[in-house]
Amino acid sequence: MPAYQLRCVCSAVNLVSVGQAGGTLACQACGKILDIPKLRNFHLMEMEEATVRSPVNAGWGFPQGFMLFGIVIAVASFTLAGVLAVPAGSEINSELIRSNVDAAPIAEVYKAWIFFASSGVLRPSTIDEELAIRRTVLGGSGAQLLRLIGVIGMIVAAIGLGLSLKPSRRSSHNATTKRALV
Ligand SMILES: [Zn+2]
């Protein structure tokens, strides 16, 4: 939360936040009780230099970087795992084939069997099939490992989120307490 400069008659600068609007404050230098302006007059005060100078630092600290890192890892891993795990071709419905064979007249089955026997079902696999086989082999262990990394990424992101939420709640007092906490 931005800190505003409340100048005392002794020329000392006291930092106040929006949450203190309308209240009073004892000057840090001389102890004089100062009236903190109402919220609508806050814009008349100068903002604290550190608040003005480093809005990026205030928003993007280590926790936020930590969180972003985790999210990137999680998203990348889950995406890659999804690509690896997806079956390359549609599954063969063996039940349907079996029932069709059962229902077909024996002469039909014999004809079909002769056709396969003469043409041969064995042939070199196409590039697509070769890739599919590799993907399935990789998909088993690779996708599982990637999902695990993805979960770790999510945990890292959650820790980052937790870290980034904690200090921002306390920072409402003033910049001095924030610096002391860090
Ligand atoms: Zn004073």
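About the thresholds
All residue numbers refer to positions counted from 1 along the written sequence of the respective chain. Where totals are concerned, whole chains, interfaces and linings use all residues; where local detail is concerned, this predicted model gives features only for residues with pLDDT of at least 70, and gives and counts side-chain atom pairs only at 80 or more. In DSSP terms, a helix is any run of H or I states spanning at least four residues, a strand is any run of E spanning at least two, and both are numbered starting from the N terminus. With C-beta atoms placed from the backbone, a residue is labelled by how many other C-beta atoms lie within 10 Å of its own: buried for 20 or more, exposed for 12 or fewer, partly exposed between the two. In this description, a residue-residue contact is defined by the distance between C-beta atoms placed from the backbone, which must lie within 7 Å. Think of pLDDT as the predictor's per-residue confidence, scored from 0 to 100. Put simply, a nonpolar core is a cluster of buried Ala, Val, Leu, Ile, Met, Phe, Trp, Tyr and Cys residues tied together by C-beta atoms within 7 Å.

(A) Layout of the overall build of the protein chain. Across its full length, the protein chain carries seven helices and five strands. Beginning at the N terminus, the succession of helices and strands in the protein chain can be written as β-β-β-β-β-α-α-α-α-α-α-α. Counting the 182 residues in the protein chain, one finds 11% classified as buried. If you take every contact in the protein chain between residues at least 6 apart in sequence, the share linking residues at least 24 apart comes to 59%.

(B) Region of interest: the confidence of the model for the protein chain. Mean pLDDT over the protein chain stands at 76; residues scoring 70 or higher make up 72%. The low-confidence segment residues 168-178, where pLDDT is below 50, has 18 contacts with residues more than four positions distant or belonging to other chains.

(C) Spatial organisation of the nonpolar core. Counting residues in each nonpolar core, the largest one holds six residues, listed as Ala3, Tyr4, Leu6, Leu15, Val16 and Ile36. Going through the elements one at a time, β1 (3-7) and β2 (13-17) are the ones with two or more residues in this core.

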